[in-house]
Amino acid sequence: MPPVPPHYDYLWLIPLLPFAGFLINGTIGRKLPRTLVSAVALLCTAIPAAIVAWLWIIMKAAGGPGVIQITGQPWIAITGLTVNFAFTVDHLTLIMLGVVTGVGFLIHIYSVGYMAHEEGYWRFFAYLNLFMFFMSVLVLAENFLLMFVGWEGVGLASYLLIGFYFKKDSAANAGKKAFIVNRIGDFGFLLAMFLIVREFGSLDFTHVFNAISVNPEWHGGILTAIALLLPFEVTSILILVAILGAVVLARKEQ
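Now for a quick tour of the structure. Nothing here was measured: the structure is a model prediction, and the numbers come from that model.

**What to know about the pattern of salt bridges**
Summed over all chains, the structure comprises one salt bridge. Where Glu199 meets Arg198, a salt bridge forms, and the shortest distance between an N and an O atom there is 2.7 Å. The exposure class assigned to Arg198 is exposed, which follows from its relative accessible area of 58%.

**So, the packing of aromatic side chains**
In the structure shown here, the tally under the stated rule is 14 aromatic pairs. Centre to centre, the rings of Phe124 and Phe125 are 5.7 Å apart; their planes meet at 90°, and the pair counts as edge-to-face. Ring centres of Phe148 and Phe189 lie 5.2 Å apart, and the angle between their planes is 45°; on these two criteria the pair is classed as tilted. Of the two residues, Phe148 is situated in helix α5 (residues 144–162) and Phe189 in helix α6 (residues 169–200); the sequence distance between them amounts to 41 residues. For the pair Phe148 and Phe189, a shared accessibility class is recorded, and that class is buried. Among the aromatic residues, those joined into a cluster by ring pairs are Tyr121, Phe124, Phe125, Phe164 and Tyr165. A cation over an aromatic ring shows up here: Lys60 above the ring of Trp56, its NZ or CZ 5.0 Å from the ring centre.

**Points about helix α3 (residues 91–114)**
With 24 residues, α3 ought to run about 34 Å at 1.5 Å a step, and its terminal C-alpha atoms sit 34 Å apart, in line with that. Those residues of α3 that sit buried are Thr93, Leu94, Leu97, Val100, Thr101, Gly104, His108 and Ser111. The inward-facing, buried residues of α3 contact α1 (13–28), α2 (34–60), β2 (81–89) and α4 (121–140). Near the N-terminus of α3, the side chain that reaches the backbone nitrogen of Leu92, with its oxygen 3.2 Å away, is that of Asp90.

**A word on the packing of α2 against α4**
For the pair α2 and α4, the least separation of the axes is 10 Å and the interaxial angle reads 5°. Compared by their axis directions, α2 and α4 come out roughly parallel. Here α2 contributes Arg34, Val37, Ser38, Ala41, Cys44 and Thr45 to the contact with α4, which in turn contributes Tyr121, Trp122, Phe125, Asn129 and Met132. Taken together, the residues of the contact of α2 with α4 sort by class into seven nonpolar, three polar and one charged.

What counts and how
Residues numbered from 1 in each chain as written. Predicted model: local features only at pLDDT ≥ 70, side-chain atom pairs only at ≥ 80, totals over all residues. Heavy atoms only, no water. Salt bridge = Lys/Arg side-chain N within 4 Å of Asp/Glu carboxyl O. Buried < 20%, exposed > 50% of the residue type's maximum accessible area, 1.4 Å probe, protein only. Phe/Tyr/Trp six-rings, centres within 6.5 Å; stacked < 30°, edge-to-face > 60°. Helix = DSSP H or I, 4+ residues; strand = E, 2+ residues; numbered from the N terminus. Lys NZ or Arg CZ within 6 Å of the ring centre and 35° of its normal. Expected span 1.5 Å × (residues − 1). Contact = heavy atoms within 4.5 Å. Polar contact = N/O pair within 3.5 Å; in protein donor to acceptor, adjacent residues only side chain to side chain. Axes fitted to C-alpha atoms, helices over the stretch in contact; angles between N-to-C directions. Parallel < 35°, antiparallel > 145°, perpendicular 65-115°, else oblique. Nonpolar A, V, L, I, M, F, W, Y, C, P; charged D, E, K, R; others polar.

Function cannot be read off these values alone, since they describe shape.
See below:
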């Protein structure tokens, strides 16, 4: 893949800005007025949404890049295995980024009014920004390990949001259930990654997909096992979302 021009380095801002919002509201948010907490949270999600919109224009234009990849320093470098901290944007990723940043920004706007009179206002928006950070990492990840970090982070943020009203037994118990369910998904994902490393010698999407495309029937049994293990994590996240929705509905009924 040809190197990407330096001006695409602003892709790092898509996950980093929500993380900055998490750090600001999570550390000094207690001392800030609610309007400033809201401004920080909204600004740190609005800019990534605008960047994704700009990427959409660039990539959909005639002669635009089909794939954009940025790579940082090697994350893991051992004998026989190198994992880079890298992000990739293709047309499918672009759609998912639009959903994550666009819908995420709308959720932040809705939450400003929904949580206006709740205690721990700053804490809620810190968790929400953290959720956006990990979702962005998950979607942008260029390899299975970085995607796994995103999955883990989404599980952590879901646990924090579900258990936001931790003084209530129902919320605390729901958070525990979400945490346990996520661990079940982790087990399947880890097994799948071990199989991928053993069979392909890499965790990079490009390397693995190219190897399969060269020989689609290559080790069909192993590929089937990997395909069955990976959805364990997807299923656990869907259950987390369902639990979070149940908590919100229960709050409305109170």
